Amino acid sequence: MKIIATVALLQLCLSATVSDNVSTETVQTAEPGVLVRIPCNSTTPASVRWTKDGHDVRPETADGRLAVLQNGSLEIRRMGRDDEGIYLCSSTLPDSDFRARVQLRMASGPKDLSTLVFPVISLSNGTLVANRGAFIHFRCSASSEPSQRLTWTFSRAPSNNTLISTSQTSLEYWIKSIQPGDQGVYTCGAINTVSNQTVNKSSELLVYYLPPTHPDCMWIPTPDLSFIQLNCSWPGMYPTPKLSWGQKDDVQETNNLSVMLNSSLVQNEKIMEKKFTCTAQHALLPARDVRSCSIILKAPYPVGKPMAVALEGSNVTLSCTEVTSVPTANTTWRKGLLQALITPGSKYILSGNTAVFLLTITNTSKDDEDVYFCRSENQFGVVELQVQLSVKSSSSAYVGGVIGVFISFLIVGSAIIIARVLYSRRHQICLGGGLWGDERGDVLSLVESDDEHFFQDTVPQLRTEANGRRTTLVEVHRIPSSDHEETGTAEKKPQQPEETQQTEDLVPI
């Protein structure tokens, strides 16, 4: 009984694992003229039956192009258009029935894929170069059977964008004014829509651009005055330029180039200024065309008044100006021949800006009377401005003020006296005699005819009225000159009586 039960259970398990109808369906593509194998999972070729589009496949009548292999697969040599169709594989076993359905399609390509990008410059490594602002064309073509799809894509980390696609045999794309943002990898992809076979061709495109500016030269401040740091930069371009600070073996491909120079080399030349030039070469420039920038480094030269005077107890400010130093000098105030450094405090006040340096000395005394130095130092050396400060006592200032006031009064008084003398002798000055002039000449006396009776008594024949109007009489006196006087023992000439000339010319009043 146990044996019969065991056999019955085994048959039940075997019957559970046996499938009465198992089938699969796939699509298979192949290019023309190639060897194609359609699989069928069967270990007994005699039990396999192949049909195409519902008709039995007879390998013996196919001129040796068809054959059933040991594993039941169907082999087709030299695939042709007539071999396309739906193939059915069926296999009947004692315990199963297997079927497989395969759709065989002939497909070719994509092939002959080609791309063209213009106008560009091709570098030795295959990279393409375009100038910024250029009108760039992209062209792609390929062939596929039975159909295809062409696509232009642009990739630039981290994005990958599809630009344009078509199902035609060729595809064109263009950029009217290419810019640095358009720099990246351009790929043309062709895919066979039947076989899903894909072919890609990529080109890296660089956008070169040359800025309208020139390189920029500058000095960089350093805490150590024994070195001079120079910097040359030319940003805003691609690819990076070749920069050099005047040495052929120091050419570097970079947008920013810095050099450190030993200032002792400059100081040994004993010069007040020196010019440094940075040259730049770019791929878009001709070999002989270079851009450059220069910087002139100058030694300091502080200027100001060499002397200053202050009164005891007052405040005095010493001034120093430094505008020529490149790099900017370190300027300090110092006192005495030992040049002791002056530090700010209640006695000394340091002020000013980057060009003007002021030293204010408060409540000055005789102890402050000394020589002061405005000391400027940069990588070229040290230059000093010497200022001599004199401090005067308040008493000497009072005496000087009194003397000044006295001299002022003296000058004003003298001017008043001279003015009064000139005013008192104005008649002599105006009528020709001068103040101390020649005594020769005539003296004119103007009198009113009604007030003076002298002329009426001595000259009775003159009328005092003319046409009923008053007139003015003019008396002319001749004054003898001293030049006619004789000196020594010479005999003097008899004195002639004074002649009086009267004129009848009457001037109406």
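Scroll up for the structure.
Keep in mind that what you see is a predicted model, and the values were worked out from it rather than measured. (Residues numbered from 1 in each chain as written. Predicted model: local features only at pLDDT ≥ 70, side-chain atom pairs only at ≥ 80, totals over all residues. Heavy atoms only, no water.)

Draft legend 1. Structural context of the pattern of salt bridges. As enumerated under the stated definition, the model contains nine salt bridges in all. With a closest N to O distance of 2.4 Å, Asp 83 and Arg 65 form a salt bridge. Taken together, the positions of Asp 83 in the loop between strand 6 (74-76) and strand 7 (85-93) and Arg 65 in the loop between strand 4 (55-56) and strand 5 (66-68) put the pair 18 residues apart, joining distant regions of the chain. Given a relative accessible area of 7%, Asp 83 falls into the buried group. Of the charged contacts, one joins Lys 347 and Asp 368 as a salt bridge, the two residues approaching to 2.7 Å between their closest N and O atoms. Taken as a pair, Lys 347 in the loop between strand 28 (340-341) and strand 29 (348-352) and Asp 368 in the loop between strand 30 (356-361) and strand 31 (371-378) lie far apart in primary sequence, 21 residues in all. On the basis of relative accessibility, which here comes to 25%, the residue Lys 347 falls in the partly exposed class. Judged by relative accessible area, which is 4%, Asp 368 ranks as buried. Because the salt bridges share partners, they merge into one network encompassing Arg 37, Glu 75 and Arg 77. (Salt bridge = Lys/Arg side-chain N within 4 Å of Asp/Glu carboxyl O. Helix = DSSP H or I, 4+ residues; strand = E, 2+ residues; numbered from the N terminus. Buried < 20%, exposed > 50% of the residue type's maximum accessible area, 1.4 Å probe, protein only.)

Draft legend 2. Geometry of the packing of aromatic side chains. A full pass over the atoms with the stated rule returns five aromatic pairs. Of note, Lys 274 hangs over the ring of Phe 276, and the distance from its end group to the ring centre comes to 5.8 Å. (Phe/Tyr/Trp six-rings, centres within 6.5 Å; stacked < 30°, edge-to-face > 60°. Lys NZ or Arg CZ within 6 Å of the ring centre and 35° of its normal.)

Draft legend 3. Summary view of the side chain of Thr 51. Of note, Thr 51 is situated in strand 3 (residues 48-52). What makes Thr 51 buried here is its relative accessible area of 11%.

Draft legend 4. Expanded view of the sheet that holds strand 25 (residues 307-311). The mixed open sheet is built from five strands, whose spatial order is 25-32-31-27-28. At either end of the open sheet lies a strand with only one pairing partner, and these are strand 25 and strand 28. Sheet topology places strand 25 next to strand 32 (residues 381-392); five bridges connect them, and they run parallel. Counted as the bridge partner of Leu 311 is Lys 392 from strand 32. (Pairing = 2+ DSSP bridges.)

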